[in-house]
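# Fold and geometry: a report
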Amino acid sequence: MLYIVMLSLFGAALGFPADFEEAIPVAEPEPGVNWAVLIAGSTGWGNYRHQADVCHAYQILHRNGIPDERIVVMMADDLAHNIRNPTKGMIINHPDGKDVYHGVPKDYTRFDVTAKNFLRVLKGDREGVAGIGSGKVIQSGPHDNVFVYYTDHGAPGIVAMPHGGMLHADDLVTTLKEMHQENKFSKLVFYLESCESGSMFDKLLPDNINIFATTAANGKESSYACYMDKKRKTYLGDLYSVNWMEDTDVESVQKETLQQQFEKVKMLTNRSHVQEYGDMNLKNDIIGQYQGTTNFPSTPLPAYRQVPHDAVPSPDVPLAILNLRLETAESEEERQAVLAELKEELNLRTSIAQTMRDIVTMVTDDADMAEDILVNHHRDITARTCYKAAVNYFHDKCYDLSQHEHALRHMYALVNLCEEQVPLDSVTAAMDSVC
């Protein structure tokens, strides 16, 4: 500033014009752009809601000015033309909702939707995804904002992926830290829908790296599905997800702040405890800095018709869908087929529970200790190396956690074994024996 004043006085003495100071070039902050990653980590008609959520999120970002070349979409893409879809080529996210599938980029689908590819996309690792899907990655820089939205199943310290194993909390947060260190963003906002989703960030995400995250639930509880559709016989959305998206749809993204949206979603998501993590200073930012492009002339949509959410815990969704199909069966043959599926689902749940009980009993050789490990759902994860290895081994040896969602309900037992400092090789040996 002193330099500019001296130049101004010097210019006046030499008879330079009065606007001499304005003519001096002053470095302006380089304008940034917005990037986004949207990912649904499940497959199948019973998990319709996850891809419907992601498709709706894409429509929001697209309508608010983020171009497709800066939106990466990862989803199985097995719904629009599914044999069970009564409206072929369409996906909806609300009982009165319009099609949200049209125009959605298919960057990574089916077997390309993995934890490794997701982290590569976040880090901008084009070589890592060469020849995979569209090859599109987040090529953000120090002036850019990034929005990440993930929806699927979860368990303590993990969220599911359709293929290739789980996404672990420490791998995710390590990647986010690396992105910050490498100046891959100015600010980053992460919305996460899954059971135990808070455990992905709690005590892990720093509060000083310009990242703000919200989750559908704390680290000890389920998230909730909503909008059971009797025509499609599946749930159309997830409670936390539809609450934030329907809010963005009807509000001005140039006025509403992250704080205001968080408070609304927290109040409306009344079956679980919506959480926030990271840098709370970002909460004063408008949502348009992440879910759109600043100053883009978007117009809010008309308010949605209020309909019951019919929210159910995510682990209960398969049974709720089977019960609806049983109630609406149009023939005795159809009814018997659904009853057979219901019996198979209940038997599978019993088998998974017994498998974990056998593993814990074998490795502890102590009935009281085994019972405590099997019923205690409330320990925090501190022995992360042990837990990560145990989860991966169970996934490979016992049940594929991507395909057997109910097995995720028993991962807390592995948390407890590791927290009790049971040797990892004893745990894996028990899995070898039982599975």
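Before going into details, it helps to say that this report is about the structure given with it. What you see is a predicted model; the values in this text were computed from it and never measured.

## Topic: the overall build of the protein
Along the backbone of the protein there are 13 helices and 12 strands. Against the globule reference of 22 Å for 435 residues, the protein gives a C-alpha radius of gyration of 25 Å, in line with a compact fold. Along the longest, intermediate and shortest principal axes, the C-alpha atoms of the protein span 95 × 55 × 45 Å. A burial count over the protein gives 53% of its 435 residues as buried.

## What to know about the sheet that holds strand S1 (residues 34–40)
Here 6 strands make up an open sheet; going across it, the order is S2-S1-S3-S7-S8-S11 and the pairing mixed. The outermost strands of the open sheet, each flanked by one partner alone, are strand S2 (71–74) and strand S11 (275–278). Taking the axes of each pair of neighbouring strands and ignoring which way they run, one obtains an average angle of 10° across the sheet. Sheet analysis places strand S7 (residues 187–193) next to strand S8 (residues 211–215), joined by 5 bridges and oriented parallel. Note on S8: the bridge partner recorded for Phe190 is Ala213. Together, S1, S2 and strand S3 (145–151) form the strand contacts of helix H3 (residues 48–63), whose direction differs from that of S1 by roughly 165°.

## Structural notes on the packing of helix H8 (residues 317–327) against helix H9 (residues 332–364)
One way to put it is that H8 packs onto H9 with a least axis distance of 9 Å and a crossing angle of 160°. It follows from the interaxial angle that H8 and H9 lie roughly antiparallel. The two elements H8 and H9 cross, and the hand of that crossing is left-handed. The segment H8 lies against H9, with Pro318, Leu319, Leu322, Asn323, Arg325 and Leu326 engaging Arg335, Val338, Leu339, Glu341, Leu342, Glu345, Leu346 and Arg349. Its residues placed into classes, the contact of H8 with H9 shows 8 nonpolar, 1 polar and 5 charged.

## Looking at the layout of surface pockets
By volume, the largest pocket amounts to about 690 Å³. In terms of lining, the largest pocket is formed by 29 residues, of which the most central are Gly46, Pro318, Glu345, Gln403 and Glu405. Of all elements in the fold, only H8 and H9 reach the threshold of two or more residues within the lining of the largest pocket. Estimates place the volume of the second largest pocket at around 480 Å³. What lines the second largest pocket is a set of 19 residues, and nearest its centre among them are Gly97, Lys98, Asp249, Leu301 and Tyr304. Broken down by element, the lining of the second largest pocket gets its largest block of residues, 4 residues, from H3.

## Some remarks on the pairing of S8
Of all the 5 residues making up S8, 5 are buried; the element is thus mostly covered by neighbouring parts of the structure. Of the two faces of S8, both are covered, the one formed by Ile211, Ala213 and Thr215 as well as the one formed by Phe212 and Thr214. Examined bridge by bridge, S8 and S11 share 4 bridges and lie antiparallel to one another. In the strand pairing of S11, Thr214 is matched with Glu276.

## Topic: the side chain of Thr175
Take Thr175: it is sitting in helix H5 (residues 169–181). Look at Thr175 and you get buried, because its relative accessible area is 3%. Apart from residues no more than four positions distant in its own chain, Thr175 is found in contact with Leu119, Leu122 and Lys123.

## Some details on the pairing of S7
If a strand is regular, its side chains alternate between the two faces of the sheet. Counting buried positions along S7 gives 6 out of 7 residues, so the element sits mostly inside the fold. Where S3 meets S7, 7 bridges bridge the pair, whose relative direction is parallel. Within S7, the residue paired with Val148 across the bridge is Phe190.

## Observations regarding H9
Under the 1.5 Å per step criterion, the end-to-end length of H9 is 48 Å for 33 residues, consistent within 8% with the ideal 48 Å. Buried within H9 are the following residues: Val338, Leu342, Glu345, Arg349, Ile352, Thr355, Met356, Ile359, Val360, Val363 and Thr364. Here the buried face of H9 lies against H8, helix H10 (367–375), helix H11 (384–397), helix H12 (411–419) and helix H13 (424–434).

## A look at empty space enclosed by the protein
By the definition in use, this model includes 3 cavities of 30 Å³ or more. By volume, the largest cavity amounts to about 50 Å³. Gly157, Ile158, His168, Ala169, Asp170, Arg384, Tyr387 and Lys388 are the residues that line the largest cavity. Those elements giving two or more residues to the lining of the largest cavity turn out to be H5 and H11.

## So, the packing of aromatic side chains
Given two aromatic rings, one states the distance between the centres and the angle between the planes to describe the pair. As enumerated under the stated definition, the model contains 9 aromatic pairs in all. Between the aromatic rings of Phe147 and Tyr191, the centroid separation amounts to 5.3 Å while the plane-to-plane angle is 75°, which identifies the pairing as edge-to-face. In this pair, Phe147 is assigned in strand S3 and Tyr191 in strand S7, connecting sequence segments 44 residues apart. For the pair Phe147 and Tyr191, a shared accessibility class is recorded, and that class is buried. Ring centres of Phe201 and Tyr277 lie 6.2 Å apart, and the angle between their planes is 40°; on these two criteria the pair is classed as tilted. Taken together, the positions of Phe201 in the loop between S7 and S8 and Tyr277 in strand S11 put the pair 76 residues apart, joining distant regions of the chain. Feature note: the residues Phe147, Tyr149, Tyr191, Tyr240 and Trp244 constitute an aromatic cluster, connected by ring pairs. Between Lys106 and the ring centre of Tyr101, over which it is positioned, the NZ or CZ distance is 4.5 Å.

Rules used in this analysis
Residues numbered from 1 in each chain as written. Predicted model: local features only at pLDDT ≥ 70, side-chain atom pairs only at ≥ 80, totals over all residues. Heavy atoms only, no water. Helix = DSSP H or I, 4+ residues; strand = E, 2+ residues; numbered from the N terminus. Rg over C-alpha atoms; globule rule 2.2 N^0.38 Å. Buried < 20%, exposed > 50% of the residue type's maximum accessible area, 1.4 Å probe, protein only. Pairing = 2+ DSSP bridges. Axes fitted to C-alpha atoms, helices over the stretch in contact; angles between N-to-C directions. Contact = heavy atoms within 4.5 Å. Parallel < 35°, antiparallel > 145°, perpendicular 65-115°, else oblique. Left-handed = near helix turned anticlockwise from the far one by under 90°. Nonpolar A, V, L, I, M, F, W, Y, C, P; charged D, E, K, R; others polar. 1 Å grid on protein atoms, 1.4 Å probe; cavity = no way out; pocket = protein on both sides within 12 Å on 5 of 7 lines; lining within 4 Å. Points joined across faces, edges and corners; volume = space filled by probe spheres on them. Expected span 1.5 Å × (residues − 1). Phe/Tyr/Trp six-rings, centres within 6.5 Å; stacked < 30°, edge-to-face > 60°. Lys NZ or Arg CZ within 6 Å of the ring centre and 35° of its normal.

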